[in-house]
Structures are given as C-alpha cells and as structure tokens.
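Examining the three-dimensional arrangement
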Amino acid sequence: MAKKIKINANREGYSINQIRDTMTVSELISVLQDYDGDALIYLSHDNDYTFGGIREEDFEEVE
C-alpha cells in the first residue's frame, strides 16, 4: 500500500494578493524529496472535514 502525505491547506484570503507567505517551487521540491516517490499526496481542508487530490491539470501559472 502506498504511503500517504496530507497537506493541511489553509484558507487565508479571497485573492492571491491577500496571502502573506507561501513556499517557492524550490522549497516545495526540497520538502517533497524527503518522502517516498510513490507516496500519494492529499490536501486537507477545514481541519480534515474535506479532502482533495492534486492532478497535473490543477496547475496554472497566473500573473
């Protein structure tokens, strides 16, 4: 059975401009490289009330 990684997602604002601090791509890669490459990643919302996955089509570069 594949290991699971849960990311506790925080709702901090209604627009990207309201977010005070977030990781860079390099920082995220650095954290994830310590986990098994086959581990499944899940997002936790609202203190584990709801969950979501991450798929390639979920990524979008914005201005």
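Residues numbered from 1 in each chain as written. Predicted model: local features only at pLDDT ≥ 70, side-chain atom pairs only at ≥ 80, totals over all residues. Heavy atoms only, no water.

Once that is clear, we can look at the overall build of the protein chain. Looking only at helices and strands, one finds one helix and three strands in the protein chain. Order of helices (α) and strands (β) in the protein chain, N terminus to C terminus: β-α-β-β. Expressed as a percentage of the 63 residues in the protein chain, the buried residues total 5%. For the protein chain, restricting intrachain contacts to residue pairs at least 6 apart in sequence, the fraction spanning at least 24 positions comes to 59%. Of the roughly 6200 Å² of accessible surface on the protein chain, 50% is carried by carbon and sulfur atoms. Computing the positive centroid from 6 side-chain charges and the negative centroid from 14, the protein chain places the two 10 Å apart. (Helix = DSSP H or I, 4+ residues; strand = E, 2+ residues; numbered from the N terminus. Buried < 20%, exposed > 50% of the residue type's maximum accessible area, 1.4 Å probe, protein only. Contact = heavy atoms within 4.5 Å. Areas by Shrake-Rupley, 256 points an atom, 1.4 Å probe, with all protein chains shown as cover. Lys, Arg positive; Asp, Glu negative; His and termini not counted. Charge placed at Lys NZ, Arg CZ, Asp CG, Glu CD.)

Let us look at the sheet that holds strand 2 (residues 40-45). With mixed pairing, three strands are arranged side by side in an open sheet as 1-2-3. The open sheet has two free edges, formed respectively by strand 1 (4-8) and strand 3 (50-53), since each of these has just one partner strand. For this sheet, the mean inter-axis angle between neighbouring strands, taken without regard to orientation, is 35°. As paired elements, strand 1 and strand 2 share five bridges and run parallel to each other. Residue I5 lies in a different strand from strand 2, and its bridge partner there is I41. (Pairing = 2+ DSSP bridges. Axes fitted to C-alpha atoms, helices over the stretch in contact; angles between N-to-C directions.)

We now examine the side chain of S44. Mapped onto the fold, S44 is located in strand 2. According to the relative accessible area criterion, S44 is buried, its value standing at 2%.

Right, let's talk about the pattern of salt bridges for a bit. Under the counting rule described, the total for this entry stands at four salt bridges. Its salt-bridge partner being R11, residue D46 comes within 3.3 Å of it at the nearest N-O pair. Taken together, the residues D46 in the loop between strand 2 and strand 3 and R11 in the loop between strand 1 and helix 1 (25-32) connect sequence positions 35 residues apart. We classify D46 as partly exposed; its relative accessible area is 41%. The shortest N-O distance in the salt bridge between E57 and R55 comes to 4.0 Å. E57 gets classed as exposed once you look at its relative accessible area, which sits at 62%. On the accessibility criterion, R55 (44% relative accessible area) is partly exposed. Put simply, R55, E57 and D58 are held in one network by salt bridges that share partners. (Salt bridge = Lys/Arg side-chain N within 4 Å of Asp/Glu carboxyl O.)

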